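# Survey of secondary and tertiary structure
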Amino acid sequence: MADDALILGHRNSEWTGLGPILEEDIAFSSMAQDKIGHAQALYAILHEEFGEPSPDKLVYDRDEKKFRCCHLTEMPNGEYDFSLVRHFFFDHAELCRYKLLEQSSQKRLAALAKKIRGELKYHVMHADTWLKKLAKADEESRSRILSSVKIVYPLALGIFEKSKWEDELMKKEIFRGEETLQKEWMRSIQPVLEESEIKLPNGKIQPAYGGRKGEHTGHLKPLLEEMREVYKLDPDAEW
Amino acid sequence: MEKQVQIQHNEIWQALEEVKDPEIPVISVTDMGIITDVRVTGNSACVTMTPTFVACPAIDYMREQIKKKVEELGFEKVEVLVDREYKWSTNDISEKGKRLLKEFRFAPPPKISGDISSDDLHAACPHCGSKNTSLNTPFGSTLCRAVYYCFDCRQSFEQFKPK
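None of these values were measured; they are calculated from a predicted model.

Moving on, we come to the overall build of chain B. What chain B contains, in helices and strands, is three helices and nine strands. Of the regular secondary structure in chain B, the N- to C-terminal order runs α-β-β-β-β-α-β-α-β-β-β-β. Projected onto its principal axes, the C-alpha positions of chain B cover 55 × 25 × 25 Å. Within chain B, buried positions represent 36% of all 163 residues. Long-range contacts, defined here as pairs at least 24 residues apart, represent 51% of the contacts in chain B between residues at least 6 apart.

Structure follows, in structure tokens:
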């Protein structure tokens, strides 16, 4: 969860200064800031409760293969339609995930989930507004949205790849599991897709799995290198 | 609570009224409702605060300011903790705080119950009071701001967005 938020947060920040209109530039930049904050709060729980290294160490000094983000978050921004459709699929899943986590037996995670969900609501509202608008605005916007849905959907299904701790998390009632989450997600996106007259791809879709096991696309490495460029100049610098 | 400790408590709360949010310099951290706990033990004080939004970049600055302010009261040891999990809501902003926001021409958030929905996204114009306004974007110059437009005085304005 923390790696997903960090990596997509970084991708969102790549829209800073490049958004198609000023409001979208600010929206993606604000969502970047929110997501990197969510990642930091999650890394802090890992550090303080489970003995993982500090948040800075985890971000700036961890091998790429130890990252657990899904492929969806790693993909380059592409054009605005790709970023928007990814944002739509991803943030609906985030909202559903944090809603489930409010009941988690891990008390700090449950509390954080309540705080974060109030912020994600705005992310989802933003995604829904633009998706509905652009799916019906004109021929070009509609065809761009439809072709991005085709490309992004298998990647989005990769969000729900089970980690090797799935059974343990469920047994300890920390998390209700990826299958439950995926059902909630489908229920959450369906009304927006219907209103936008968007149909999801049919037939057997191969989800983009691997991220949760540390097997990544070629896009993660250059992203991490860029993120760490300044840090690497002097890892012991005091900020 | 012991009388002496009660007095010290009150002193701390009073001192905190002078610490402002650097992004909205008219409102104090107490009116923002971000101070979640104040404890006094002997000559030590411990203040707990929470960020409004998880990624609030002003948190370290406010933490320093709070520490300095409380140290000025003469405590030997002052600790300021950040509780990143406390579910702060805009309902925690005091009535005085909301009035100050409005005077600053920054529309206060409406009271919300439960989850926010698009029904909560309305604001009266802080310049002319008109309700004939519409939301331009829920993301503004800082994480806690949404941008609106007033059709009567034809001005853009910001709102502390409900959370």
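Counting 93 residues, the largest nonpolar core has Leu72(A), Phe89(A), Leu131(A), Ala156(A), Ile159(A), Val29(B) and Ile66(B) as its most contacted members. For this core, the element with the most residues is helix α6 (residues 107–136) of chain A, which contributes eleven residues. Discounting residues that sit within four places of it in the chain, Leu131(A) has contacts with Leu84(A), Phe88(A), Ile145(A), Val192(A) and Ser196(A).

Turning to the packing of helix α2 (residues 22–50) of chain A against α6(A), a few remarks are in order. Packed helices, taken two at a time, are described by the angle their axes make and the gap between the axes. Residues and elements named next belong to chain A. Between α2 and α6, the least distance of the axes is 11 Å, while the angle of their chain directions is 170 degrees. Between α2 and α6, the interaxial angle falls into the category roughly antiparallel. Where α2 crosses over α6, the handedness of that crossing is left-handed. Two secondary-structure elements touch here, α2 through Ala27, Met31, Asp34, His38, Ala41, Ile45 and Glu49 and α6 through Arg108, Leu109, Leu112, Ile116, Glu119, His123 and His126. Looking at the contact of α2 with α6 residue by residue, the classes come out as seven nonpolar, three polar and four charged.

The four strands are arranged β6-β9-β8-β7 (chain B) in an open sheet whose pairing can be described as mixed. Either end of the sheet is taken by a strand with one partner, and the two such strands are β6 (106–107) and β7 (133–137) of chain B.

Bridge count for strand β1 (residues 20–21) of chain B against strand β2 (residues 24–28) of chain B is two bridges, and the pairing is antiparallel. Counterpart to Asp21(B) in the pairing with β2(B) is Ile24(B).

Take the sheet that holds strand β4 (residues 44–49) of chain B next. Residues and elements named next belong to chain B. One open sheet accounts for three strands, arranged β3-β4-β5; its pairing is mixed. Where the open sheet ends on each side, the last strands, each with one partner, are β3 (35–41) and β5 (77–82). Neighbouring strand axes in the sheet, compared pairwise and without regard to direction, differ in orientation by 15 degrees on average. Across six bridges, the pairing between β4 and β5 is parallel. Opposite Ala45, over in β5, you have Val78 as the bridge partner.

Here the focus is unusual backbone geometry. One can expect most non-glycine residues to show negative phi and most peptide bonds to be in trans. Not every positive phi belongs to a glycine, and Glu173(A) is a case in point at roughly 55 degrees. Mapping Glu173(A) onto the fold places it in the loop between α8 (166–171) and α9 (178–195).

As a further point, take the packing of helix α5 (residues 80–101) of chain A against helix α7 (residues 139–157) of chain A. All names here are of chain A. One can describe the packing of α5 onto α7 by two numbers: an axis separation of 9 Å at closest approach and a directional angle of 45 degrees. In terms of their interaxial angle, α5 and α7 are classed as oblique. Read as a crossing pair, α5 and α7 show a hand that is right-handed. Every residue of α7 that contacts α5 at Asp81, Phe82, Val85, Arg86, Phe89 and Phe90 is listed here: Arg144, Ile145, Ser148, Val149, Ile151, Val152 and Ala156.

Cut-off values and rules
- Per chain, residue numbering runs from 1 following the sequence as it is written.
- Here the convention is simple: chains get letters from A, ligands get numbers from 1, in the order in which they are written.
- Given that this is a predicted model, residues contribute local features only at a pLDDT of at least 70 and side-chain atom pairs are listed and counted only at 80 or more, while totals for whole chains, interfaces and linings are drawn from all residues.
- A run of H or I in DSSP counts as a helix once it spans at least four residues, and a run of E counts as a strand once it spans at least two, with each numbered from the N terminus.
- Note on burial: count the other C-beta atoms lying within 10 Å of the residue's C-beta; 20 or more is buried, 12 or fewer is exposed, in between is partly exposed, and C-beta positions come from the backbone.
- Any pair of residues counts as being in contact when their C-beta atoms, constructed from backbone geometry, are within 7 Å of one another.
- Note on terminology: a nonpolar core is any set of buried Ala, Val, Leu, Ile, Met, Phe, Trp, Tyr and Cys residues joined through C-beta atoms within 7 Å.
- In this description, a line fitted to the C-alpha atoms serves as the axis of each element, helices being fitted only across the stretch in contact, and the angle between N-to-C directions of two axes falls anywhere from 0 to 180 degrees.
- Here the angle decides the label: under 35 degrees means roughly parallel, over 145 means roughly antiparallel, 65 to 115 means roughly perpendicular, and every other value means oblique.
- Two helices that cross are described as forming a left-handed crossing if the nearer one is turned anticlockwise from the farther one by less than a right angle, and a right-handed crossing if clockwise.
- Three residue categories are used. Nonpolar comprises Ala, Val, Leu, Ile, Met, Phe, Trp, Tyr, Cys and Pro, charged comprises Asp, Glu, Lys and Arg, and polar comprises the others, including Gly.
- By the convention used here, strands pair only if DSSP detects at least 2 bridges between them.

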